[in-house]
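One letter stands for each residue in the lines below.
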Amino acid sequence: MRHYKIEEIKTIRKIICNKCGKEIPMKGEIAQEDVLDVVKRWGYFSKRDNEVHKFDLCEQCYDELIATFQIPIEIE
Ligand SMILES: [Zn+2]
């Protein structure tokens, strides 16, 4: 006799840039362009205590975002 645990498996069907709405081309479950994938849980000392914010940015929108920074990003 076997007992099974039912698990939900999530697979990526589509990635859309939150800033410009561009759909990232996929081959199966593999994105054909890299994206910035952000997951941020806000802490107690924020106005968003314990909220989790998630978004994706395409590379072009990432470039536009970092171009607005006063201090350049670090690149290794
Ligand atoms: Zn974009």
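What counts and how
- Residue positions are given per chain, counting from 1 as you read along its sequence in written order.
- The model is predicted, so local features are restricted to residues of pLDDT at least 70 and side-chain atom pairs to those at 80 or more, both for listing and for counting; the totals for chains, interfaces and linings are taken over all residues.
- The side-chain values count all of the structure's non-hydrogen atoms but skip hydrogen atoms and water molecules.
- The rule is short: rings of Phe, Tyr and Trp, with Trp giving its six-membered ring, pair when the centres are within 6.5 Å, and they are stacked under 30 degrees, edge-to-face over 60, tilted in between.
- In this scheme, a residue with accessible area under 20% of its type's maximum is buried, one over 50% is exposed, and one in between is partly exposed, where area comes from a 1.4 Å probe on protein chains only.
- Lysine and arginine charges are scored as sitting over a ring when NZ or CZ, respectively, is within 6 Å of the ring centre and within 35 degrees of the ring normal.
- Residues enter a patch when their relative accessible area is above 30% and they make no salt bridge; the linking distance is 9 Å between like charges and 5 Å between nonpolar side chains (Val, Leu, Ile, Met, Phe, Trp, Tyr).
- For the accessible areas, the method is Shrake-Rupley and the probe is 1.4 Å, while residue cover comes only from the protein chains on display.
- Salt bridges are identified by distance alone: a Lys or Arg side-chain nitrogen within 4 Å of an Asp or Glu carboxyl oxygen.
- Every helix listed is a DSSP run of H or I at least four residues long, and every strand listed is a run of E at least two residues long, numbered separately from the N terminus.
- In this listing, donors mean N, O and S atoms no farther than 2.8 Å from the metal, or 3.2 Å for Na, K and Ca; water is missing from the atoms, so a site can look incomplete.
- For a four-donor site, all angles between 85 and 135 degrees give tetrahedral; for four or six donors, opposite pairs above 155 degrees with the remaining angles between 65 and 115 give square planar or octahedral; all remaining cases count as irregular.
- We define a nonpolar core as any set of buried Ala, Val, Leu, Ile, Met, Phe, Trp, Tyr and Cys residues linked to one another through side-chain atoms lying within 4.5 Å.
- Contacts are residue-level and defined by heavy atoms, with any inter-residue pair within 4.5 Å sufficient.

The next subject is the packing of aromatic side chains. For any pair of aromatic rings, geometry is given as the distance between the ring centres together with the angle between the planes. For the structure on display, the rule yields 1 aromatic pair. Here the aromatic rings of Y44 and F45 are separated by 5.1 Å at their centres, their planes lie at 85°, and the arrangement is edge-to-face. F45 sits in the exposed class, given a relative accessible area of 83%. For the cation-ring pair, K40 lies above W42, with the distance from its terminal atom to the ring centre recorded as 5.2 Å.

A separate point is a nonpolar patch on the surface. Nonpolar side chains collect at one region of the surface, where L65, F69, I73 and I75 lie side by side and expose about 360 Å² of accessible area between them. When its relative accessible area of 71% is taken as the criterion, I75 is described as exposed.

With that out of the way, let us pick up unusual backbone geometry. With phi around 70°, N50 is a residue other than glycine that occupies positive phi space. Mapped onto the fold, N50 is located in the loop between β5 (35-41) and β6 (52-58).

A word on the coordination of the zinc ion. Distances from the zinc ion to its protein donors, namely C17 (SG), C20 (SG), C58 (SG) and C61 (SG), fall within the range 2.3 to 2.4 Å. Here the zinc ion is ringed by 4 donor atoms whose angles at the metal span 104 to 116°, and the overall shape comes out tetrahedral. Donor residues binding the zinc ion come from one chain and are separated in sequence as C-x2-C-x37-C-x2-C. In this pair, C17 sits in the loop between β1 (15-16) and β2 (23-24) while C58 sits in strand β6, placing the two residues 41 residues apart along the sequence. Residues C17 and C58 agree in their burial class; the two are buried.

This brings us to the nonpolar core. In this structure, I15, C17, I24, V35, L57, C58 and C61 together form the largest nonpolar core, which totals 7 residues. Once residues within four sequence positions are removed from consideration, I24 is found in contact with I15, A31, Q32, E33, V35 and C58.

This brings us to the pattern of salt bridges. Side-chain pairs of opposite charge can arise whenever the charged atoms involved come near each other. A complete count under the given rule lists 3 salt bridges for this structure. The shortest N-O distance in the salt bridge between K5 and E7 comes to 3.8 Å. Of the two residues examined, K5 and E7, each falls in the exposed class. Where E64 meets K19, a salt bridge forms, and the shortest distance between an N and an O atom there is 3.0 Å. Separated by 45 residues along the polypeptide, E64 in helix α1 (residues 59-66) and K19 in the loop between β1 and β2 bring together distant segments of the chain.

By themselves, these figures tell us nothing about what the structure is for.
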